[in-house]
Protein chains: 4
Amino acid sequence: MIKVGIIGGTGYTGVELLRLLANHPQVSLEIITSRSNAGTAVSELFPNLRGKVDLVFTEPSLDDYKRCDLVFFATPNTVAMHQVDELLQAGIRVIDLAADFRLKDLQEWQKWYGAEHVSPASVEQAVYGLPEMNREQIRQAQLVANPGCYVTAVTLALLPLLKHELIRPDSIIADCKSGVSGAGRNGGFATAMCEVSESVKAYAVSGHRHYPEIRQNLRYIHDSADLVFVPHLMPMIRGIHATVYCEALEAIDHIQQQVETFYSEEPFVDIMPAGSLPETRSVKGANDCRIAIHRIPDSNRIVVLSVIDNLVKGAAGQAVQNMNLMMSIPETEGLQGIGLVP
Amino acid sequence: MIKVGIIGGTGYTGVELLRLLANHPQVSLEIITSRSNAGTAVSELFPNLRGKVDLVFTEPSLDDYKRCDLVFFATPNTVAMHQVDELLQAGIRVIDLAADFRLKDLQEWQKWYGAEHVSPASVEQAVYGLPEMNREQIRQAQLVANPGCYVTAVTLALLPLLKHELIRPDSIIADCKSGVSGAGRNGGFATAMCEVSESVKAYAVSGHRHYPEIRQNLRYIHDSADLVFVPHLMPMIRGIHATVYCEALEAIDHIQQQVETFYSEEPFVDIMPAGSLPETRSVKGANDCRIAIHRIPDSNRIVVLSVIDNLVKGAAGQAVQNMNLMMSIPETEGLQGIGLVP
Amino acid sequence: MIKVGIIGGTGYTGVELLRLLANHPQVSLEIITSRSNAGTAVSELFPNLRGKVDLVFTEPSLDDYKRCDLVFFATPNTVAMHQVDELLQAGIRVIDLAADFRLKDLQEWQKWYGAEHVSPASVEQAVYGLPEMNREQIRQAQLVANPGCYVTAVTLALLPLLKHELIRPDSIIADCKSGVSGAGRNGGFATAMCEVSESVKAYAVSGHRHYPEIRQNLRYIHDSADLVFVPHLMPMIRGIHATVYCEALEAIDHIQQQVETFYSEEPFVDIMPAGSLPETRSVKGANDCRIAIHRIPDSNRIVVLSVIDNLVKGAAGQAVQNMNLMMSIPETEGLQGIGLVP
Amino acid sequence: MIKVGIIGGTGYTGVELLRLLANHPQVSLEIITSRSNAGTAVSELFPNLRGKVDLVFTEPSLDDYKRCDLVFFATPNTVAMHQVDELLQAGIRVIDLAADFRLKDLQEWQKWYGAEHVSPASVEQAVYGLPEMNREQIRQAQLVANPGCYVTAVTLALLPLLKHELIRPDSIIADCKSGVSGAGRNGGFATAMCEVSESVKAYAVSGHRHYPEIRQNLRYIHDSADLVFVPHLMPMIRGIHATVYCEALEAIDHIQQQVETFYSEEPFVDIMPAGSLPETRSVKGANDCRIAIHRIPDSNRIVVLSVIDNLVKGAAGQAVQNMNLMMSIPETEGLQGIGLVP
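All figures in this text were calculated on a predicted structure; none of them were measured in a lab. (Residues numbered from 1 in each chain as written. Chains lettered and ligands numbered in written order. Predicted model: local features only at pLDDT ≥ 70, side-chain atom pairs only at ≥ 80, totals over all residues. Heavy atoms only, no water.)

Trainee: Help me understand the overall build of chain A in this model?
Mentor: From N to C terminus, chain A includes twelve helices and 13 strands. Taken against the 2.2 N^0.38 rule, which gives 20 Å for 342 residues, the C-alpha radius of gyration of chain A at 19 Å falls within 12% of a compact globule. Here the C-alpha coordinates of chain A stretch approximately 65 × 45 × 40 Å along the principal axes. Buried residues in chain A amount to 67% of all 342 residues. (Helix = DSSP H or I, 4+ residues; strand = E, 2+ residues; numbered from the N terminus. Rg over C-alpha atoms; globule rule 2.2 N^0.38 Å. Buried < 20%, exposed > 50% of the residue type's maximum accessible area, 1.4 Å probe, protein only.)

Trainee: What exactly am I supposed to notice about the interface of chain A and chain D here?
Mentor: Much of the literature gives interface size as the accessible area that the parts lose upon coming together. The partner chain D presents 40 residues to the 40 residues of chain A that form the contact. Across the interface of chain A and chain D, roughly 3600 Å² is buried in total on both sides, 60% from carbon and sulfur atoms. Counting every contact that joins chain A to chain D gives four salt bridges. For the pair chain A and chain D, the number of links is 22 residue pairs in polar contact (both at pLDDT 80 or more). Taken together, the elements giving at least two residues each to the side of chain A that touches chain D come down to β7 (172–178), α9 (193–196), β8 (201–202), β9 (227–233), β10 (240–247) and β13 (301–308) of chain A. Ranked by residue count, the leading element in the side of chain A that touches chain D is β7 of chain A, at four residues. Among the residues making up the side of chain A that touches chain D, the classes are represented as 22 nonpolar, eight polar and ten charged. (Contact = heavy atoms within 4.5 Å. Buried area = accessible area lost by both parts, 1.4 Å probe. Salt bridge = Lys/Arg side-chain N within 4 Å of Asp/Glu carboxyl O. Polar contact = N/O pair within 3.5 Å; in protein donor to acceptor, adjacent residues only side chain to side chain. Nonpolar A, V, L, I, M, F, W, Y, C, P; charged D, E, K, R; others polar.)

Trainee: Hey, could you run me through the packing of aromatic side chains in this one?
Mentor: The relative placement of two aromatic rings is captured by the distance of their centres and the angle of their planes. Taken as a whole and assessed by the stated rule, the structure comprises 16 aromatic pairs over all chains. When the ring of Trp 109 of chain B is compared with that of Tyr 113 of chain B, the centres are 5.3 Å apart and the planes differ by 25°; the resulting orientation is stacked. Taken as a pair, Trp 109 of chain B and Tyr 113 of chain B lie in helix α5 (residues 106–113) at a separation of four residues, close to a single helical turn. Tyr 113 of chain B matches Trp 109 of chain B in its accessibility class, with the two residues each being buried. Measuring from centroid to centroid gives 5.2 Å for Tyr 150 of chain D and Phe 229 of chain D, while their planes differ by 70°, and the two rings are edge-to-face. In this pair, Tyr 150 of chain D is assigned in helix α8 (residues 149–163) and Phe 229 of chain D in strand β9 (residues 227–233), connecting sequence segments 79 residues apart. Residue class for Tyr 150 of chain D comes out buried when judged on its relative accessible area of 1%. (Phe/Tyr/Trp six-rings, centres within 6.5 Å; stacked < 30°, edge-to-face > 60°.)

Trainee: Please explain the packing of helix α8 (residues 149–163) of chain B against helix α10 (residues 210–221) of chain B as it appears in this structure.
Mentor: Each pair of packed helices can be summarised by the angle the axes make with each other and by the distance between the axes. Residues and elements named next belong to chain B. Where α8 contacts α10, the axes come no closer than 9 Å and their chain directions differ by 20°. Classified by the angle between their axes, α8 and α10 sit roughly parallel to one another. Relative to α10, α8 is oriented so that their crossing is right-handed. Here Cys 149, Tyr 150, Val 151, Val 154, Thr 155, Leu 158, Leu 159, Leu 162 and Lys 163 of α8 lie close against α10, whose contacting residues are His 210, Glu 213, Ile 214, Asn 217, Leu 218 and Ile 221. Of the residues that constitute the contact of α8 with α10, the class distribution is ten nonpolar, three polar and two charged. (Axes fitted to C-alpha atoms, helices over the stretch in contact; angles between N-to-C directions. Parallel < 35°, antiparallel > 145°, perpendicular 65-115°, else oblique. Left-handed = near helix turned anticlockwise from the far one by under 90°.)

Trainee: What is the right way to read the pairing of strand β4 (residues 93–96) of chain B from this model?
Mentor: Looking down a regular strand, the side chains alternate between one sheet face and the other. All names here are of chain B. As defined by bridge partners, strand β3 (residues 70–73) adjoins β4 across four bridges and the pair is classed as parallel. For Val 71, the partnering residue across the bridge sits in β4 and is Val 94. What joins β3 to β4 is helix α4 (residues 80–89), and the crossover it makes is right-handed. As defined by bridge partners, β4 adjoins strand β6 (residues 143–145) across three bridges and the pair is classed as parallel. Within the sheet, the bridge partner assigned to Ile 95 lies in β6 and is Val 144. (Pairing = 2+ DSSP bridges. Right-handed = clockwise from strand over helix to strand, strands pointing away.)

Trainee: How should the interface of chain C and chain A be read in this particular structure?
Mentor: Taken together, the contact between chain C and chain A spans 16 residues of the former and 16 residues of the latter. Across the interface of chain C and chain A, roughly 1300 Å² is buried in total on both sides, 73% from carbon and sulfur atoms. Counting the surface chain C buries against chain A, the share from its top three residues, Met 193, Cys 194 and Ile 237 of chain C, is 47%. With four residues, the top contributor of residues to the side of chain C that touches chain A is helix α9 (residues 193–196) of chain C. Within the side of chain C that touches chain A, the residues separate by chemical class into ten nonpolar, three polar and three charged.

Trainee: Quick question: what am I supposed to make of the relation of the copies chain C and chain A here?
Mentor: Think of it as a corkscrew move, a rotation about one axis and a shift along it, taking one chain copy to the other. Expressed as a screw operation, the relation of chain C to chain A combines 0.0 Å of axial shift with a rotation of 180°, fitting to an RMSD of 0.0 Å. Such values leave the two copies arranged in the relation of a two-fold axis. Comparing interface residues between copies, 100% of those in chain C also sit at the interface in chain A, which points to an isologous, same-surface contact. (Least-squares fit on C-alpha atoms with pLDDT ≥ 70 in both.)

Trainee: Please clarify how the sheet that holds strand β3 (residues 70–73) of chain A should be interpreted in this entry.
Mentor: Two orientations exist for strands paired in a sheet by backbone hydrogen bonds: parallel and antiparallel. Residue and element names in this part refer to chain A. Spatial ordering of the open sheet is given by β2-β1-β3-β4-β6-β5, a layout of six strands whose pairing is parallel. Two strands close off the open sheet at either side, each with one partner strand: β2 (27–33) and β5 (127–128). Summarising the sheet, β5 and strand β6 (residues 143–145) pair through two bridges and their orientation is parallel. Across the sheet, Val 127 pairs through a bridge with Val 144, a residue of β6.

Trainee: What exactly am I supposed to notice about the relation of the copies chain A and chain D here?
Mentor: Mapping chain A onto chain D calls for a screw motion: a turn of 180° about the axis and a shift of 0.0 Å along it, with 0.0 Å RMSD after fitting. Most of the interface of chain A is mirrored in chain D, where 100% of its interface residues again form contacts.

Trainee: What am I meant to see in the pattern of salt bridges here?
Mentor: Opposite charge on two side chains makes pairing possible when the charged atoms of those side chains draw close. Here the structure, examined in full by the defined rule, presents 88 salt bridges over all chains. Put simply, Glu 108 of chain A and Arg 215 of chain A hold a salt bridge, and the shortest N to O gap is 2.8 Å. Of this pair, Glu 108 of chain A sits in helix α5 (residues 106–113) while Arg 215 of chain A sits in helix α10 (residues 210–221), and the two are 107 residues apart along the sequence. This pair shows no difference in class: Glu 108 of chain A is buried, exactly as Arg 215 of chain A is. For the salt bridge of Lys 52 of chain D with Asp 288 of chain C, the shortest nitrogen-to-oxygen distance reads 3.1 Å. Of the two residues, Lys 52 of chain D is situated in the loop between α2 (42–45) and α3 (62–65) and Asp 288 of chain C in the loop between β11 (269–271) and β12 (289–295); the pairing between them involves two chains. Residues joined by salt bridges that share partners form a network here, namely Arg 50 and Lys 52 of chain A together with Asp 270, Asp 288 and Arg 290 of chain B.

Trainee: For this particular structure, what's the right way to read helix α12 (residues 312–326) of chain C?
Mentor: Spacing of three or four residues puts side chains on the same side of an α-helix, whose turn is 3.6 residues. All names here are of chain C. In a regular helix each residue adds 1.5 Å, so 15 residues correspond to 21 Å; α12 covers only 18 Å between its end C-alpha atoms and thus falls short of that length. Within α12, 15 of the 15 residues are buried, leaving the element largely enclosed by the surrounding structure. After α12 finishes, the residue Ser 328 shows a positive phi value of roughly 60°. (Expected span 1.5 Å × (residues − 1).)

Trainee: It is not clear to me how unusual backbone geometry should be interpreted in this structure. Could you clarify?
Mentor: Glycine aside, residues mostly have negative phi angles, and peptide bonds mostly take the trans form. Of the consecutive residues Val 341 of chain A and Pro 342 of chain A, the connecting peptide bond is found in the cis state with omega at 0°. Looking at the element boundaries, Pro 342 of chain A is found in the segment after α12 (312–326). Of note in this structure, Glu 198 of chain B is not a glycine but carries a positive phi near 55°. Note that Glu 198 of chain B resides in the loop between α9 (193–196) and β8 (201–202). Of note in this structure, Ala 204 of chain B is not a glycine but carries a positive phi near 50°.

Trainee: Is there a simple way to explain the sheet that holds β11 of chain C in this structure?
Mentor: All names here are of chain C. Read across the sheet, seven strands follow the order β8-β9-β7-β10-β13-β12-β11 without closing on themselves; strand pairing throughout is mixed. Each edge of the open sheet is held by one strand with a lone partner, namely β8 (201–202) and β11. Looking at chain direction, β12 and strand β13 (residues 301–308) are connected through six bridges and run antiparallel. Looking at the pairing, Arg 295 lines up with Ile 302 of β13. Helix-sheet contacts for helix α8 (residues 149–163) involve β7 (172–178), β9 (227–233), β10 (240–247), β11, β12 and β13, and the interaxial angle to β10 is about 35°.

Trainee: Mind showing me how you'd approach the environment of Ala 90 of chain A here?
Mentor: Residue and element names in this part refer to chain A. Residue position: Ala 90 is located in the loop between α4 (80–89) and β4 (93–96). Among the residues examined, Ala 90 registers a relative accessible area of 35% and is labelled partly exposed. When the C-alpha positions of Ala 90 and Gln 336 are compared, they lie 32 Å apart, and in sequence the two are 246 residues distant.

Trainee: Would you mind showing me how to read empty space enclosed by the protein here?
Mentor: Gaps left between atoms show up when a probe the size of a water molecule is rolled over them. Here the structure, examined in full by the defined rule, presents nine cavities of 30 Å³ or more. Volume-wise, the largest cavity comes out at about 160 Å³. Lining the largest cavity we find 16 residues, and of these Ser 197 of chain A, Ser 197 of chain B, Ser 197 and Pro 235 of chain C together with Ser 197 of chain D sit closest to its centre. For the lining of the largest cavity, the residue count by class is eight nonpolar, four polar and four charged. (1 Å grid on protein atoms, 1.4 Å probe; cavity = no way out; pocket = protein on both sides within 12 Å on 5 of 7 lines; lining within 4 Å. Points joined across faces, edges and corners; volume = space filled by probe spheres on them.)

Trainee: Please clarify how the environment of Met 236 of chain D should be interpreted in this entry.
Mentor: The residue Met 236 of chain D is located in the loop between β9 and β10 (240–247) in this model. The sequence separation of Met 236 of chain D and Tyr 220 of chain D amounts to 16 residues, and the corresponding C-alpha distance is 33 Å.

Shown next, in the form of structure tokens:
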């Protein structure tokens with residue numbers, strides 16, 4: 001049993017981590033902290049956890065963290081960077097579900113997150129936690145930057161296409177659709193049922209923080225990659241659907257086969273048969289990413305459809321997958337949950 | 001490992017059974033039948049099961065069933081009664097998720113289900129599968145009648161109150177609210193998103209099939225029990241919320257304490273603290289029933305609020321719980337899933 | 001053309017008033033005030049009003065109000081009572097959509113609204129604005145207290161039953177279901193899509209502010225009336241469904257006929273044929289109330305089903321109906337909108 | 001008063017036509033036909049119309065149609081072409097809400113609709129009913145082909161951009177999102193709440209019938225226009241959101257200004273300020289189309305966001321707008337309804 005703590009677990013990624021870890025056979029949940037809710041039972045805030053998680057939120061304390069082998073930051077952006085150094089020095093492994101260590105270019109990070117970074121060394125040390133791209137480095141990592149939700153859906157859609165030069169790298173448009181939980185538990189008025197239900201809208205068209213993160217991933221795979229990224233808010237709770245348009249350099253059958261081969265050993269990426277139409281509900285509550293590739297008739301364009309649950313493969317599930325890799329636990333342990341349909 | 005089959009698994013209780021059984025550590029799924037879908041892969045019909053369930057729907061066949069220790073009927077009403085005898089004679093245990101063996105009074109059954117019953121002996125033999133009421137008989141049963149969804153929510157709300165004579169038995173009004181999945185996968189036009197979303201309505205006010213079943217349960221506990229039962233359709237997929245009004249014969253504190261004691265050893269019934277307001281989402285995808293009791297101010301009336309997931313504790317989850325009891329498997333095995341919040 | 005102002009029109013009743021008044025052929029919208037949004041165009045806050053309403057929110061000002069024949073308060077509770085006297089003295093008619101003048105018993109009001117009432121005289125003067133109960137007084141009123149949403153649905157369901165002594169007056173249970181917009185535009189976290197969508201819960205079981213208001217109405221009709229009232233939150237935006245249980249003193253056919261006769265001249269109350277099941281969506285966006293009466297089989301109980309749109313007949317639409325009566329405009333003017341189905 | 005009939009009015013475009021026409025001050029609804037529902041009151045099928053529309057569905061009959069000045073076909077595709085000739089010969093004006101007369105290229109039509117066209121002459125005669133493109137021809141038309149819903153949203157987004165050569169005509173990608181009502185009232189299982197709620201998916205990626213219709217419009221404006229079109233199903237009832245990507249040939253400010261000028265006199269097209277994010281709910285139930293234009297940073301690409309209500313500006317509302325033009329009624333008559341927010 002490995003001992004695990006969660007820092008700042010009152011948001012939706014926090015409760016999802018708790019849901020996954022509570023049933024993980026090799027994890028002992030030691031501690032969960034929250035300044036604002038210290039003293040409150042976890043199950044009071046999240047009634048689905050009544051009888052499943054007995055923890056009480058406590059004040060953050062390094063001494064408490066030292067009882068843990070690994071600690072998750074489920075805090076807002078710019079919190080983890082202030083605390084990560086002392087945790088790492090204490091020999092505790094760290095996974096940050098926020099964005100503090102995702103962008104290697106500090107200038108870029110500062111531009112998008114509006115803050116000075118206080119721990120450049122940890123950014124350098126951090127491994128970007130997308131197992132399908134970085135599995136071996138994650139196994140050795142002390143600090144993992146867990147990817148953004150849109151980023152996961154789009155990067156997995158494009159990884160083999162760029163790696164095997166199956167598409168033009170600068171022709172990419174990613175039109176993405178997300179459920180409301182992506183905005184977090186403190187989304188406020190903008191995520192009120194009466195404001196977002198029964199409606200669709202684009203947002204952050206002039207620039208979303210996940211854009212530089214996707215671009216960093218794509219360029220890690222192919223130097224000259226670039227994309228247009230427009231996110232949309234969907235009237236549903238969970239799920240991301242990425243519709244990725246690009247220009248093919250190869251025949252569609254060849255592309256389909258290359259992508260199937262590329263992901264054939266991946267436990268959480270499902271390449272569907274040609275012509276399939278993945279639905280976000282097929283991965284609701286599950287750590288799966290389902291992908292289907294289509295050729296647009298009479299055109300050189302292909303469309304890649306990629307769906308994940310933003311709170312699982314797009315956040316807490318991927319974090320558990322990273323934890324499994326870091327702690328030499330079988331990669332799928334605690335993550336076999338099946339999408340809730342209907 | 002026990003060997004299990006599902007007859008007629010193309011509905012929502014079927015896919016939910018598959019979701020639960022696919023991850024059950026002591027079950028080997030041997031066979032799933034469907035006349036209309038024979039030859040189709042299960043994962044083609046239910047994409048959430050891709051990579052999780054490899055079965056193909058087959059034609060019903062007694063020889064195939066004989067490879068199983070236990071068989072679930074996930075068929076429409078009046079199907080199981082035609083096949084149950086030969087299965088029982090072959091020594092196969094049977095759980096019927098439909099209503100063929102729920103009502104002991106055949107006259108009553110025939111009135112509500114509009115058919116002649118072809119296997120009265122099996123009705124007599126059948127054990128009503130509500131573990132909180134009949135656990136010991138279920139352990140010994142060859143044939144279990146799995147309860148209706150509304151019936152489970154209302155019976156669990158009232159069981160200790162009637163047993164300990166804490167309420168007037170003839171004063172009960174059960175105002176129940178259900179998600180749309182309760183109407184099944186073949187609900188047709190009446191369950192179209194454009195017809196039921198963003199709207200609420202009562203239905204079957206003049207008589208719902210779950211009424212005689214609830215009444216049978218209540219009278220099993222208390223001779224003179226009776227109730228008014230009005231179901232409502234809610235604009236959501238899963239969940240039942242029963243609001244049960246009755247006249248108290250004891251002080252509310254005493255009632256609360258008696259109910260807590262009554263259910264203290266039950267793994268799937270959660271009596272919440274006085275004043276709590278259970279939400280259906282707290283049990284979404286989970287086998288839990290959460291109950292809270294309120295006294296109406298300046299009145300002798302109490303209100304019992306009881307929530308379940310109609311497809312889990314109200315159908316497939318309860319069926320797995322019954323299977324565990326019948327096969328001497330720990331009762332909670334395969335049922336530790338936690339409600340999906342948000 | 002009558003000149004109209006709205007005080008505090010940034011909430012959902014405010015935008016709904018604007019939607020109705022913008023197309024009212026005999027109304028000129030003169031002014032809309034909001035301290036927090038002064039200077040902002042109405043259409044910036046509510047994009048559905050772009051090109052329909054040209055007003056800009058302004059600071060409250062008595063001089064501005066004096067240009068109006070009638071002013072609506074769409075403010076939170078306890079605001080209108082501070083300003084109503086000077087408006088009335090200036091000869092301006094007033095309709096309060098909040099609760100400041102609804103309860104005649106000041107003690108009771110102070111208990112439920114947690115404040116000292118500063119204008120007892122205006123409470124005495126105020127006419128309770130349910131046209132089906134008080135039409136003639138409303139025509140003469142200077143100050144109208146616009147009813148609560150639940151109150152409207154329940155009172156209309158019971159008005160003829162109590163008046164004609166068709167039911168036992170103390171046997172009433174009102175199980176009510178409301179969409180989320182009833183909680184207002186500042187519902188905060190409790191009305192976030194991720195918190196209330198795909199879930200149902202009861203709330204305020206120990207006492208809701210609409211309870212004393214309903215009771216006041218019922219006792220106005222019948223001295224010894226009393227009720228149990230439990231509200232529930234539904235995963236939808238608009239609509240109230242009241243399910244009202246009571247004990248009949250007459251045969252159901254007689255009751256049906258009496259109720260039909262009672263409401264035969266009412267433009268906004270639709271008594272549906274026996275056996276009907278009203279849906280909230282049938283009145284979405286409309287000022288209609290649809291009612292159906294059912295007898296529970298083998299019981300002396302009847303169930304009255306009553307649906308309204310909480311923002312229209314339950315708030316802004318009823319306010320416009322009251323304005324029409326007060327200003328001698330045909331009662332249905334500006335209110336012929338038809339429920340949006342689907 | 002002009003006399004109007006509806007052929008086949010039992011679908012969602014039918015009930016929406018009824019909702020709009022029932023309150024149209026210059027229309028007398030004479031007749032509505034339905035083979036399958038003949039004899040049924042309209043208000044029985046659509047309870048929102050109780051007390052608003054007194055018609056009963058009747059069998060189709062040319063003699064009845066002859067009492068009308070204008071007839072709407074709200075029938076499935078391939079019905080109108082069989083009956084249109086005799087109506088036109090009888091001097092009745094016709095608006096077809098289906099697709100029988102939309103495509104000028106009969107070969108193309110036959111390929112997409114899988115049928116032989118039986119009235120090529122009427123196709124030639126038909127005017128394509130997009131007022132913003134064809135207003136003067138519509139005024140003179142005997143037969144109008146009412147545009148498809150996606151087609152309306154995308155064409156209005158691109159009309160000034162192509163006309164004024166502000167974009168590269170062959171660079172267009174239209175990623176479109178639609179509510180479920182677009183699939184019609186007979187959508188069957190595929191539109192069941194449990195199948196489409198809380199989920200998003202693309203569909204018809206390999207070819208949707210609206211593709212050739214959009215392309216025909218674009219080429220009508222600019223010879224060499226072409227596009228990629230991928231529709232997606234959204235978990236909501238009404239609304240289309242078109243996200244249209246294209247390469248700009250001019251500066252964004254110039255484009256914004258040109259588009260504003262182009263639509264400045266249009267009563268139903270609202271060009272929002274630069275940076276706006278139109279929401280589909282802002283036009284729910286209204287005949288408006290709202291459009292906003294964005295430049296993607298560090299790119300030559302622009303994104304045009306265009307929202308309509310698929311049942312109003314995308315179907316019945318546009319049909320009424322066409323009727324107004326054909327019958328010399330003010331264009332906005334009966335169409336001033338404001339989007340229902342919240």
